[in-house]
Amino acid sequence: MRALSGWVSGALAALLAALLAALLAAGPAAAQSASGSTAVKHEAWSVSGLGAPAQLVVDHWGVPHIFAANSRDAFFLQGYNAARDRLWQIDLWRKRGLGRLAASFGPSYVAQDRAARLFLYRGDMAAEWAAYDPQSRQSVEAFAAGVNAYVAEVKAGKKPLPIEFKLTASQPEAWAAEDILRIRSHALVSNVTSEVARAQVACKGGLAADKLRRKLEPAHETVVPKGLDPCVVPADVLKDYLLATEAVSFEALATGGRKAQAAPPQTPEVQLAEAMDAYQAEGSNNWVIAPSRTATGRPILANDPHRPVGAPSLRYIVHLNAPDLDIIGAGEPALPGVSFGHNRQVAWGLTIFYIDQEDLYVYETQGDAYRYKGKLEPMKVVHETIEVKGEAPRDVTLKFTRHGPVLDETPDTGKGAHAFAMRTVWAEPGASGYFGSSRMWRAKGWSDFKAGQEHWGVPPLNLVFADASGDIGWSAAGLTPIRPNWDGLMPVPGDGRYEWAGLRPEAELPSVRNPAAGFVATANQMNLPAGYKSPPSYEWADRSRITRIEEVLAGLPKATLADSMALQTDAHDALSRRTIALLKPLSSPDPKVARALELLKAWDNDETTDSAAAAIYQVWVANHLGHTVVQAEVPEAARSLVGSGSVDAVVTWLEQPQAAGQRDALLLDSLTATVHDLERGLGPDMATWRWGRLHHADFRPAAGVLADRQTARQMETGPLEVPGSASSPRAATYRPSDFDQTAGASVRLVMDVGAWDNSMAINTPGQSGDPFSVHYRDLFPLWASGAYVPLDFSRAAVDRDAELVVNLSPAR
């Protein structure tokens, strides 16, 4: 019977493929009939490398739906279409990740190329391929071939060269499948930046001062690892790490290779603080609601990952359909498949689950050797050549210890010579960012979901699940180092005393199936079960978002899709309740400060664009409250490292009895400074103050600095006023210097599990990376206002909303 079933399944797949090929071979008339409207634009393209006729349908919102005769062609066309819509973006992603920027942009990028090469996967590729779904290699190879097919058409003049290549006088490059997996630096891992900051604070102000910088959960007292002198760790020890993981800037090209003089260079302390702030901003929300708590009796799964926002969007929504594959969702456009979304039976979503996956090792050195277990062990020295546009190639040296890439070396200045290397799960097989999702694409239920979770690599995630039969669940996922004798919160000596004892089996990570509450939600909070042994991290997001999310979900006995859409865009700041509670007994003789107190005490904690209280509160906590507390409590030498602290840590400190003697003065002094600040920025009339006057989404692509003003404006998107902050479910993280939004949910999905065509989505500013395309910014005003568009899945729904239908045939 099993053999017969397999034969029938194979025969059915062949029949469906033949029917699709016949439909497409029938030509534009048949396709026009399928699309259902003569208003739909029809085109026919021949594509070299395509195996069988296929169809690309682009809907009114720029979402591509690919209908292919087999899964290989589906992934091939995904790569081809990604290049059609986002060629500049994916080409830059590859060049940055592989360390090939200088070849296209010149000598100013040699240092960034060298840094990137330190973090490439250099292990066994057979083990790497084996770590993913058995069919995943075909998807990666097909995707890369599809990108290359489009690149060849661009170079042949058959397709347009995106404007950014013209501005940089560069050309797209061909891809190898291995490139996609070897690049690791786009995947979020932690916590090496915090390790270094904590070491710096310990050296200059003592570990007690670090409690204002980061709150630890579960409650934990940090100690300096035995054998570590935190003062030997340089403030700029992570300069190569930060360079390898930062976005590409074109200021050097705009200034002829000179550094821009608009602002003085940042100190290493400020760079470190900004890197930590940026990582913390990259959180996410997700939740899944059981059928018993929805209006339809079907599960609802919602997901809105929070990453940098800009033009083009970091994420891309795509639909792939073949006889053995049917997935729709979002992911990074340079990666095959989707990272989160649904297939015909299962939906899944993701947020960051904070596993500490990095460690900085400190070595005593003699030349290119480091002391390990009482002996000198030689570093592995690798020499590579970096191509440089317009100049001779540069030879660079990369060094590695047994733990990983050497990030810095310091000479003997009285404490001996030292080297500093990073161990990271990036070096492990199976750690290609988000590609663990390959095991979800064909999942049929909880057991398949759990199998995917137990093979997940990076980034570390809260995975939520729902299927059409009504099951829901959650599981943590990610490669988890076992540290038998330290907590991972500070750098450690690399002499052999502090070694990972392998990786924790992922089946041991916490999970829940069909929770009694009828829903489960995550927002990067500490969500370990009580008594969980050996926490994988002590650094988590504060509970502001999850508090609001759980309150709302608990109050919805019969939740709807509209409820989840409203919750994803909710601007309520739960953390502000605690902060403002501290103000309740206070008054001020200054009438303007008194009015500010009155507004804050009466505020409903909703950070709407028309709220004066929200403007006062956000300026206060971003630029004055923490700063004032740190100035009063932290030794001067460590203040620049602690900065303004974290709002949660500062408020927690103010709530403690030991702060009572100076609490009121600190609150009033900082609030007075806030009022003066707002008077300078928004004028003296408090009646005109609004959060929306400060808080905007204004996206300016990096290459825009190379364009003339008219072209640069075409490339820009915004500004529009936006509500919320990092502490609201909407997660509209901003830059404290000007309050422009820098991170948040570029993509939001709300899925009606089993009735898939009811699902909704948004992707800002649009699906296209072409500034001259209608789909470059068409979704931006919808996103800013909290609106959504349909996430069509069935062929009937796709045809109903089709804007463009392209019949694709193999080139002869």
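Above this text sits the structure in question.
Here's what I pulled together on the structure shown here. Everything numeric here is computed off the predicted structure, so don't read it as measured data.

1. With respect to the sheet that holds strand 9 (residues 346–352)
One open sheet accounts for eleven strands, arranged 1-29-2-3-6-7-8-9-17-18-20; its pairing is mixed. Bordering the open sheet on either side are strand 1 (41–47) and strand 20 (511–513), each of which pairs with just one other strand. The average angle at which neighbouring strand axes cross in this sheet is 20°, direction not considered. Bridge analysis of strand 9 against strand 17 (residues 461–467) gives seven bridges, and the strand direction is antiparallel. The partner of Val346 across the bridge, within strand 17, is Asp467. Those strands touched by helix 14 (residues 446–453) are strand 17, strand 18 (472–477) and strand 20, and its axis lies near 10° from that of strand 18.

2. With respect to unusual backbone geometry
Here the residue pair Ser190 and Asn191 is connected by a cis peptide bond, since its omega of 25° sits within 30 degrees of zero. Here the residue pair Glu217 and Pro218 is connected by a cis peptide bond, since its omega of -10° sits within 30 degrees of zero. For Pro218, the position within the fold is in the loop between helix 10 (192–205) and helix 11 (239–245). Even without being a glycine, Lys373 presents a positive backbone phi close to 50°. Secondary-structure assignment places Lys373 in the loop between strand 11 (369–372) and strand 12 (375–378). Although it is not a glycine, Phe739 adopts a positive phi angle of roughly 70°. Looking at where Phe739 falls in the secondary structure, it is placed in the loop between strand 24 (733–734) and strand 25 (741–745).

3. Here's the deal with the packing of helix 3 (residues 71–98) against helix 7 (residues 136–155)
Running from N to C, helix 3 and helix 7 point in directions that differ by 50°, and their axes come no closer than 7 Å. It follows from the interaxial angle that helix 3 and helix 7 lie oblique. The handedness of the crossing between helix 3 and helix 7 comes out as right-handed. Taken together, the residues of helix 7 that come into contact with helix 3 (itself represented by Ser71, Arg72, Phe75, Phe76, Gln78, Gly79, Tyr80, Ala82, Ala83, Arg84, Leu87 and Ile90) are Gln138, Ser139, Ala142, Phe143, Ala145, Gly146, Val147, Ala149, Tyr150, Val151, Glu153 and Val154. Each residue belonging to the contact of helix 3 with helix 7 can be placed in one class, and the counts come to 15 nonpolar, six polar and three charged.

4. A closer look at the packing of aromatic side chains
Centre distance and the angle of the planes are the two values used to describe a pair of aromatic rings. For the structure shown, the criterion picks out 32 aromatic pairs. Summarising the aromatic geometry, the rings of Tyr80 and Tyr150 are spaced 5.2 Å apart at their centres and angled 80° between planes, so their arrangement reads as edge-to-face. Linking Tyr80 in helix 3 with Tyr150 in helix 7, this pair joins segments that are 70 residues apart in sequence. In this structure, Tyr80 and Tyr150 share a single accessibility class: buried.

Calculation criteria
- Residues numbered from 1 in each chain as written.
- Predicted model: local features only at pLDDT ≥ 70, side-chain atom pairs only at ≥ 80, totals over all residues.
- Heavy atoms only, no water.
- Pairing = 2+ DSSP bridges.
- Helix = DSSP H or I, 4+ residues; strand = E, 2+ residues; numbered from the N terminus.
- Axes fitted to C-alpha atoms, helices over the stretch in contact; angles between N-to-C directions.
- Contact = heavy atoms within 4.5 Å.
- Parallel < 35°, antiparallel > 145°, perpendicular 65-115°, else oblique.
- Left-handed = near helix turned anticlockwise from the far one by under 90°.
- Nonpolar A, V, L, I, M, F, W, Y, C, P; charged D, E, K, R; others polar.
- Phe/Tyr/Trp six-rings, centres within 6.5 Å; stacked < 30°, edge-to-face > 60°.
- Buried < 20%, exposed > 50% of the residue type's maximum accessible area, 1.4 Å probe, protein only.

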